[in-house]
Amino acid sequence: MSAIQQPNANSARSSHCSSCGAPYGEGVSGWPRTCPACHTVAYRNPLPVAVALQPVYDTKGTALVVITRTIAPARGGTALPGGFIEQQEDWRGAVVRELKEETGIDAPERDVRLADAMSSPDGHLLLFGLLPERPAAGLPPSAATDETEGWQLLHRPAELAFPLHTRAVQAFFEGRYV
């Protein structure tokens, strides 16, 4: 008998967790879905990522909103707000949703414009959405979220937790996303 179980004719596609093999159970049909056994979150297509470039200005000049991550990967690292695009979600909607989820900052989807698209070595496609500059004084207070320690302002290029975020920040401050 083989140690590897082969799916049988009665197995439904995506009915089991790809991390631990536990069944999702009756009634679980939407995406993303969380495994009841290991709590891994599964996405139907985890490749496209929406990343927010939210410029602001204060007495020190122009800055970008960044977050400190409290989840893997890059726990404790500084990054731009962003995350996976959900099934049947427009990438602009994902940019403003991720910005709101990770910072509490609201932005209209109609104001997002594509600043850049980059592919990472691990196969992720990152879509960087640029929002209009706004005053830092009008932002909600920084507060911890489910995924961040809160937001802060980045006034100059810096190395971030993800290399493509670092490249996008560099390009922004060099004026390439005007």
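Keep in mind that this is a model prediction, so the values were computed, not measured. (Residues numbered from 1 in each chain as written. Predicted model: local features only at pLDDT ≥ 70, side-chain atom pairs only at ≥ 80, totals over all residues. Heavy atoms only, no water.)

*Asks:* Hey, could you run me through the pattern of salt bridges in this one?
*Replies:* It is possible for side chains bearing opposite charge to pair when their charged atoms get close. Considering all chains together, one arrives at 7 salt bridges under this definition. Two residues, Arg 176 and Glu 174, come together in a salt bridge whose shortest N-O distance is 2.8 Å. Residue classification places Arg 176 among the exposed positions, given a relative accessible area of 54%. Residue Glu 174 is classed as partly exposed on the basis of its relative accessible area, which comes to 47%. Taken together, the shared-partner salt bridges connect Glu 86, Glu 89, Arg 97, Glu 98 and Glu 101 into one network. (Salt bridge = Lys/Arg side-chain N within 4 Å of Asp/Glu carboxyl O. Buried < 20%, exposed > 50% of the residue type's maximum accessible area, 1.4 Å probe, protein only.)

*Asks:* What should I look at first to understand the side chain of Arg 97 in this one?
*Replies:* Positionally, Arg 97 belongs in helix 1 (residues 91–103). With residues up to four places along the chain from it excluded, the contact list for Arg 97 reads Phe 84, Ile 85, Glu 86 and Glu 89. (Helix = DSSP H or I, 4+ residues; strand = E, 2+ residues; numbered from the N terminus. Contact = heavy atoms within 4.5 Å.)

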